[in-house]
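Letter by letter, the chains look like this.
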Amino acid sequence: MLTDVVVVGAGPAGLAAAVRLAEGGRRVRLIARGNGFTHWGPGAVDVLGRVGDKRVERPLDELAGLAADHPYRLVGVEALRDGLDWFRGFAAAAGLDHQGDPARNRYQVTALGTLRPTCLLPDPAAAELRGRLAVVGIARFRDFSAALCARGLERAGHTVTSATVELPSWSHRRSFTAVELARAFDDQDFRERLAPTLAKAAAGAEVAVVPAVLGLSRGHEPWADLQRRVGLPLVEAALAPPSVPGLRLFSAWRRRLDELGVGWQLGFPATAVERDGDRVVAVRCEGAARPVVVRCSEVVLATGGVAGHGIEANRDGSLSEVVAGLPVAGFPSRTGFVAGHFLAAHPMGAAGVTVDAELRPVGDDGAPLLANLRCVGGLLAGHDATVEGSREGVALATAARVAASSGATDRTDQVVPRA
Amino acid sequence: MTSLDTQVVVVGGGVTGVAVLRDLALRGVGAVLVERSDLGTGTSGRWHGLLHSGGRYAVRDEESARECIEENMVLRRIAPHTIEDLGGLFVLLPADDPSYAERFVAGCAASGIPVEELSPAQARRREPLLTNGIEAAYAVPDGGIDSWSLIRSMVADAEAHGARVLPRHPVVGFERDGDRLAAVRVRDQAGGEERLIGCEWVVNAAGAWAGRVGALAGVPIEMIPGKGVMVVMASRYVRGVVNACRKPADGDIVVPQHEVAILGTTSVQVEDPDDVTVDPAEVDRMIDMCAQMVPSLSGGRVLRAFAGSRPLYKPPQQAGETSGDTRAVSRTFTVLDHAERDGLANLFSIVGGKLTTCRQMAEKLVDQLGERMGVEVPCSTAEQVLPGAEHGSHRLAGPLAAVEQEQDYGTLLCECELVTTERVREAVAGGLVELEDLRRKLRLGFGPCQAAFCAWRAAAVVCELGGSGGLESEAGAQVAGGHAEPSGSPPVDQGGGPERDLLGGLARFLQERWRGQLASVWGDQARQALLNHAIYRGIFDLDAEHQDEASAWGSGGLDWGQHPRDDPGADSLQQASRAAVGHELVGDGDGRGEE
């Protein structure tokens, strides 16, 4: 099969880029080492949660104040809007409606009862926390403690009760993970049997906060059905990985890739590119049994930063981009990677590839190094997605830019208007 | 100020102090031990976990070698549950001096250390990851020993014989009456108040900090804190202990324990025993040197690095001969009778020594002290087995077998170290001041993920057991189909003090784990660190507010002077009059200390 574009990486940026390029008529192939941040994140769409130590209320108002090399500055606010609008349409079509507006951040409740700033929330996490809250946990589910969550919400000023419910009998009586639990919620009979207990546990509350496990493979329908039966809004709290909301979304991405005829292969880490002058002509990767070479006319690198395996942090303090050997600014010693305080910003979290407005990697002189390779998402320099809460926004905005100008990027004279 | 009276106050809650306490208690002497922090937080908690055969001293320090092999055999008898019978090899590499090997064998013979020469092929059958190029190998009865488990067992035995332990009671001064110390002044960190402990005798067993305690009593003791750096690898690599057969030097030992291997060590003189900072170059050196023996270490995943301070003592006659390398100072121990030495009638200090010989150190000291006190009961610590010994030797697979037997997978809070919810509940109910104490009690957070998943789960257990006013009872009244929280266990804090801040305690736990990683983050561990950051900061949104509470801990060495636990602050989980290190877990065989 002839491939126009190889997308490397299956996190939010790679998936969005692959789908959008395919929707634009390109023949796309997606290869990746493994699953990406969909599985690890809280299952929301962050755009900009923090600038420095300050929580951001209005993300769009803050973009102009970001550093000049920040991905948002490079692709512009219109690319961000386009990325978010497109995502909402894509998710809604998959039965995963999202609420929110980039003009104003919302807050997502977490298992610790903290409220993390984010932009778009899937419906099961989107209801407003108002009035009296009931936090309801599930007996023997170790990844959510109603008491701990309630304590945090109380600290944030809410009136809260907490309770833990026993599940109706099901196949995993002693031990279960979030994913197994979510699968159980896909079953209507299970929900029907649990609903009265849940309603009793949340009696007197206006909103119930529950762990984010209400269904795995039927979109938001199990949540909506359970909410109807219980009779009050149910809000899913974000848990530690693996992320059930992220898995719902990942299934939707996969279905869309299949619909579009995009070949996708996980477990194929890209290891190198083959070049012809300033063009990449093929991507090499490790297959299960032998090296695989994928020829192409264009490459989108969405391999992530140090966390995503797109950049290797070396013992001597240097940083290496792992696929194309792109330059990444390192440190004199590895102590430069980290901050003394765990919860502070770690410099290696912001490490990345410097690109031009077309997202092509550039050298010290600012000129593109490769005419037909572009970088998206966490691999980009100039931002720390964890610290500033921008991961999905940057992924969707940079994927939008790639989709908008694909096929024309080898024209070095092309001028793209910046917002 | 509250008062308490006893015969002997022991200062210092490391293995030495605890061994002294047990010895006194077994001889019927009333004794109270005071410790500035949690038990086993000084040198006893920051070492490689080697139960010495004595081989490391066989060539140059026969006295230490002899003490080691004697006590090695005693500990195997009285505390088998704290010991993993690893065995050890001394390997001679091509670059090493063959005559050292001859002197090593002769030294072992002279010191009574059983030694067996293996051919290179035999050695590699026993240790497949050894380098191809060894010249010879010698097998000795090295082992692994868990200092925290040993401490818990000795404390349990001492308490059963009437002794008392007061952790988190730093000594702030002594009340002097002529040429005697009449009382020890300590500060209760949980309550914030000072207590006076009236006593007839004082034993300074503060190890590397003995000089500081001496200064408070007005006697000069010159300690030479010898900092040793150790590196923790993410898997065991070796079946037994592997030593280089050469004059002790940097990076010449690999000790496997639990799921990790510890590489050791350096020996550098430092001014301050609290200086436990690690330089990245020291980590590199440890790896490069140990990789000469076990080459695959060089590409391995480093979990973290840490340092401890050896309690080396410089007798007055040696004063002046200082050199940077503290290996030249004898590793044997010395009992100082300050009556003869300084005219202070009722103070003894015990300095030097090593974990393997802690029991013998205590015996020698209490023999001398007992003679002065007129105690005629002989020492029985070498014969009386410790509580927990009935479980037999520690085996690597023991904890997994226990979990499998109980089919308890689902309640595992810490998958790396196989810690179940029930174990955390027991530990919390046994008295807990900081979430961080669970690390020493249960090994929580020691594994490859470095607390990515267990720390907040443990915080949840603490929260559930702790109660929080009307919160749960209100909910409990409403739930008929389910059950209310907490279930069964008593509330931890009955004092109704200031609202505890669990998220602050969680941030401190994470900061303690992080501190040990600062010099060793690269490769896979860099990804792990950023994943953990994405969980705690990204998902859970622990931020500057919680960081502030953690930051007082500092990012370098422990600074006890500014320690937030000095402040009777927001997160004391301590039960009013309960010792912080309970003995409810004795004999669990799952508490091997590594740092």
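Residues numbered from 1 in each chain as written. Chains lettered and ligands numbered in written order. Predicted model: local features only at pLDDT ≥ 70, side-chain atom pairs only at ≥ 80, totals over all residues.

**Q** Hey, could you run me through the overall build of chain B in this one?
**A** In terms of helices and strands, chain B carries 17 helices and 24 strands. A separation threshold of at least 6 residues defines the contact pool for chain B, and within that pool the share at least 24 residues apart is 76%. (Helix = DSSP H or I, 4+ residues; strand = E, 2+ residues; numbered from the N terminus. Contact = placed C-beta atoms within 7 Å.)

**Q** Would you mind showing me how to read helix α1 (residues 12-23) of chain A here?
**A** What sets the pattern is the α-helix's 3.6 residues per turn: residues three or four places apart point alike. Residue and element names in this part refer to chain A. Between its first and last C-alpha, α1 extends 16 Å over 12 residues, near the 16 Å set by a 1.5 Å rise per residue. Among the 12 residues in α1, 11 count as buried, and that is most of the element. Every buried residue of α1 is listed here: Pro-12, Ala-13, Gly-14, Leu-15, Ala-16, Ala-17, Ala-18, Val-19, Arg-20, Leu-21 and Ala-22. Looking at the buried side of α1, the elements it contacts are β1 (5-8), β2 (28-32), α4 (77-93), α10 (244-259), β17 (298-301) and α12 (391-405). Backbone geometry just downstream of α1 places Gly-25 in the positive-phi region, at approximately 95°. (Expected span 1.5 Å × (residues − 1). Buried ≥ 20, exposed ≤ 12 C-beta atoms within 10 Å, placed from the backbone.)

**Q** Would you mind going over the sheet that holds strand β3 (residues 31-34) of chain B with me for this structure?
**A** In a beta sheet, neighbouring strands pair by backbone hydrogen bonds and run either parallel or antiparallel. Residues and elements named next belong to chain B. The strand order across the open sheet formed by six strands is β10-β3-β2-β14-β22-β21, and the pairing between neighbours is mixed. Here the strands that pair on one side only, and so sit at the sheet edges, are β10 (164-166) and β21 (333-337). Put simply, the sheet's adjacent strands are angled 15° from each other on average, direction ignored. Sheet analysis places β3 next to β10, joined by three bridges and oriented parallel. For Val-34, the partnering residue across the bridge sits in β10 and is Leu-166. (Pairing = 2+ DSSP bridges. Axes fitted to C-alpha atoms, helices over the stretch in contact; angles between N-to-C directions.)

**Q** What is the right way to look at the pairing of strand β9 (residues 132-138) of chain A in this model?
**A** Looking down a regular strand, the side chains alternate between one sheet face and the other. Residue and element names in this part refer to chain A. For β9, a buried count of six out of seven residues is recorded, marking the element as mostly surrounded by other parts of the structure. Two elements, β9 and strand β10 (residues 159-165), share seven bridges in a ladder whose sense is parallel. Directly across from Val-135, in β10, lies its bridge partner Ser-162. Remark: the β9/helix α6 (residues 146-155)/β10 crossover connection has right-handed handedness. (Right-handed = clockwise from strand over helix to strand, strands pointing away.)

**Q** Sorry if this is basic, but what is going on with the domain arrangement of chain B here?
**A** Interface size is commonly expressed as the accessible surface area that is lost when the partners come together. All names here are of chain B. The assigned domain composition of chain B is domain 1 (84-142 + 224-321) and domain 2 (397-566). For the side of domain 1 that touches domain 2, the secondary structure elements donating two or more residues are α7 (280-290) and β20 (302-313). If you tally residues by element for the side of domain 1 that touches domain 2, the top one is β20, at five residues. (Domains from an automatic or database assignment.)

**Q** Looking at this structure, I do not really get the interface of chain B and chain A. What am I missing?
**A** The partner chain A presents 56 residues to the 59 residues of chain B that form the contact. Of all the elements in the fold, those that place two or more residues in the side of chain B that touches chain A are α13 (454-466), α14 (471-478), α15 (502-515), α16 (523-539) and α17 (544-551) of chain B. Broken down by element, the side of chain B that touches chain A gets its largest block of residues, 12 residues, from α16(B).

**Q** What exactly am I supposed to notice about the domain arrangement of chain A here?
**A** Residues and elements named next belong to chain A. One can read the domain layout of chain A as domain 1 (5-97 + 248-405) and domain 2 (128-232). Just the C-alpha atoms count here: the centres of domain 1 and domain 2 sit 34 Å apart. On the side of domain 2, six residues touch domain 1, which itself brings seven residues to the contact. Split by residue class, the side of domain 1 that touches domain 2 holds two nonpolar, three polar and two charged. (Nonpolar A, V, L, I, M, F, W, Y, C, P; charged D, E, K, R; others polar.)

**Q** Mind showing me how you'd approach unusual backbone geometry here?
**A** Where the residue is not glycine, phi is negative for most of them; where a peptide bond is considered, it is trans in most cases. Across the junction of Pro241(A) and Pro242(A), the peptide omega takes the value 0°, indicating a cis bond. Here Gly264(B) and Thr265(B) are connected by a cis peptide whose omega angle stands at -20°. Tracing the backbone shows Thr265(B) in the loop between β18 (260-264) and β19 (268-269). Despite not being glycine, Leu418(B) has its phi angle at roughly 55°, a positive value. Take Leu418(B): it is sitting in the loop between β23 (412-414) and β24 (419-420).

**Q** Before we go on, may I ask you to explain the environment of Ala240(A) in this structure?
**A** Along the polypeptide, Ala240(A) turns up in the loop between β12 (234-237) and α10. Look at Ala240(A) and you get buried, because 22 C-beta atoms sit within 10 Å. In sequence terms Ala240(A) and Thr110(A) are 130 residues apart; their C-alpha atoms lie 9.0 Å from each other. With sequence-adjacent residues up to four places away left out, Ala240(A) is seen in contact with Ala111(A), Asp143(A), Phe453(B), Ile535(B) and Ile539(B).

**Q** Can you help me understand the nonpolar core in this one?
**A** Most often, soluble globular proteins keep nonpolar side chains buried together rather than apart. Ala17(A), Val91(B) and Val203(B) are the most contacted members of the largest nonpolar core, which totals 320 residues. Take this core: its biggest share by element is 10 residues, from α13(B). Setting aside chain neighbours within four positions, we find Val203(B) in contact with Val8(B), Val10(B), Val11(B), Val20(B), Phe348(B), Ile350(B), Leu365(B) and Leu369(B). (Core = buried A, V, L, I, M, F, W, Y, C linked by C-beta atoms within 7 Å.)

**Q** Teacher, can you tell me more about the packing of helix α8 (residues 188-201) of chain A against helix α9 (residues 221-230) of chain A here?
**A** Angle between the axes and distance between the axes: these two values describe a pair of packed helices. All names here are of chain A. Two elements in contact, α8 and α9, have axes separated by 9 Å at closest approach and are oriented at 40°. Compared by their axis directions, α8 and α9 come out oblique. Crossing hand, α8 versus α9: right-handed. Judged by residue contacts, Gln-188, Arg-191, Glu-192, Ala-195, Leu-198 and Ala-199 of α8 engage Pro-222, Asp-225, Leu-226, Arg-229 and Val-230 from α9. (Parallel < 35°, antiparallel > 145°, perpendicular 65-115°, else oblique. Left-handed = near helix turned anticlockwise from the far one by under 90°.)

**Q** Help me out: how do you make sense of the confidence of the model for chain B in this one?
**A** Low pLDDT marks stretches whose predicted atomic positions should not be read closely. Residue and element names in this part refer to chain B. Of all residues in chain B, 82% have pLDDT values of 70 or greater, and the mean over the chain is 83. Confidence drops under pLDDT 50 across residues 467-499; counting only partners more than four residues distant or on other chains, this segment forms 70 contacts. As a predicted assembly, this complex carries a pTM of 0.87 together with an ipTM value of 0.95. (pLDDT = per-residue confidence, 0-100.)

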